[in-house]
Amino acid sequence: MTEDHPSLSRERLASIAARLDRPLVLVGLMGVGKSTVGRRLAAQLDRKFVDADEAIENAAQRSISEIFEQFGEAYFRDGERRVIARLIEEHDGVIATGGGAFVNDETRALILDKAIAVWIDCAIDTLVERTGRRNTRPLLKSGDPREILTRLYEDRRGFYSQAPIHVMSDAGPHDATATKILEALEEWL
């Protein structure tokens with residue numbers, strides 16, 4: 001952990017975990033660290049972690065890129081909503097969603113009703129650097145990543161802001177973001 005964000009004591013973590021009565025669902029743009037941070041959060045809370053995108057790929061037996069290419073975004077979003085609903089019912093841990101999941105009205109309403117939504121926010125420069133590490137982002141294949149991410153941020157910010165917990169993910173270690181979420185969650189509960 002960094003000095004600015006030391007890890008929480010076992011007692012504090014146990015207290016937060018004991019007060020959680022529904023899953024944490026991480027929302028935000030691609031590249032903010034939902035999966036990496038989610039795994040760390042789940043481990044610290046002694047809960048299970050599930051990545052909704054991986055669950056979708058397992059259910060469809062296709063990559064998300066293939067689903068987008070073969071069936072389109074509307075088809076993908078419908079399947080995503082159904083998978084997230086199932087995950088919320090089956091899990092009391094941490095669920096990482098795809099960047100567009102919380103934009104869907106039905107999915108957002110479901111998450112806000114049955115889970116605790118956490119918006120992980122991040123500077124565009126950091127997102128461009130992080131998403132440039134892999135070429136698996138269907139929405140970034142059709143133009144300049146900075147322009148696309150900036151547009152997506154502007155389009156989605158109003159949806160993400162409906163999450164009751166909002167934390168910034170810096171360019172530093174994801175552990176610092178996990179600690180910020182735990183501190184915000186402790187205060188919110």
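So, how was this worked out
Residues numbered from 1 in each chain as written. Predicted model: local features only at pLDDT ≥ 70, side-chain atom pairs only at ≥ 80, totals over all residues. Heavy atoms only, no water. Helix = DSSP H or I, 4+ residues; strand = E, 2+ residues; numbered from the N terminus. Expected span 1.5 Å × (residues − 1). Buried < 20%, exposed > 50% of the residue type's maximum accessible area, 1.4 Å probe, protein only. Arc of directions from axis to C-beta. Contact = heavy atoms within 4.5 Å. Phe/Tyr/Trp six-rings, centres within 6.5 Å; stacked < 30°, edge-to-face > 60°. Salt bridge = Lys/Arg side-chain N within 4 Å of Asp/Glu carboxyl O. Core = buried A, V, L, I, M, F, W, Y, C linked by side-chain atoms within 4.5 Å.

A. Region of the structure containing helix H2 (residues 34–45). The terminal C-alpha atoms of H2 lie 16 Å apart, and with 12 residues this matches the ideal 16 Å at 1.5 Å per residue to within 8%. The complete set of buried residues in H2 reads Lys-34, Val-37, Gly-38, Leu-41, Ala-42 and Leu-45. On an axial view of H2, the arc spanned by its buried residues comes to 135°, and they lie on one face. Looking at the buried side of H2, the elements it contacts are helix H1 (10–19), strand S1 (24–27), strand S2 (49–51), strand S3 (94–96), strand S4 (116–122) and helix H9 (174–188). After H2 finishes, the residue Asp-46 shows a positive phi value of roughly 55°.

B. Expanded view of the packing of aromatic side chains. Under the defined criterion, the tally for this structure stands at 4 aromatic pairs. Relative to Phe-76, the ring of Phe-68 lies with its centre 5.0 Å away and its plane at 40°, an arrangement referred to as tilted.

C. Geometry of the pattern of salt bridges. Summed over all chains, the structure comprises 15 salt bridges. A salt bridge links Arg-12 to Glu-186; the nearest nitrogen and oxygen atoms lie 2.6 Å apart. Within this pair, whereas Arg-12 is found in helix H1, its partner Glu-186 is found in helix H9, the two being separated by 174 residues in sequence. With relative accessibility at 34%, the residue Arg-12 sits in the partly exposed group. Notably, a salt bridge pairs Arg-22 with Asp-21, separated by 3.3 Å at the nearest N-O pair. The partly exposed category is assigned to Arg-22, whose relative accessible area is 25%. Salt bridges linked by common partners bring Asp-78, Arg-81, Arg-82 and Glu-106 together as one network.

D. Seen up close, the environment of Ile-95. For Ile-95, the location among the structural elements is in strand S3. Under the relative-accessibility criterion, Ile-95 is labelled buried at 0%. Residues Ile-95 and Pro-173, 78 residues apart in the sequence, show an inter-C-alpha distance of 20 Å.

E. Structural context of the nonpolar core. Ranked by internal contacts, the top residues of the largest apolar core, which has 55 residues, are Leu-24, Leu-41, Ile-88, Ile-111, Ile-120 and Ile-181. Ranked by residues supplied to this core, first place goes to S4 with 6 residues. Not counting chain neighbours up to four residues away, the residues in contact with Leu-41 comprise Leu-26, Val-94, Ala-178, Ile-181 and Leu-182.

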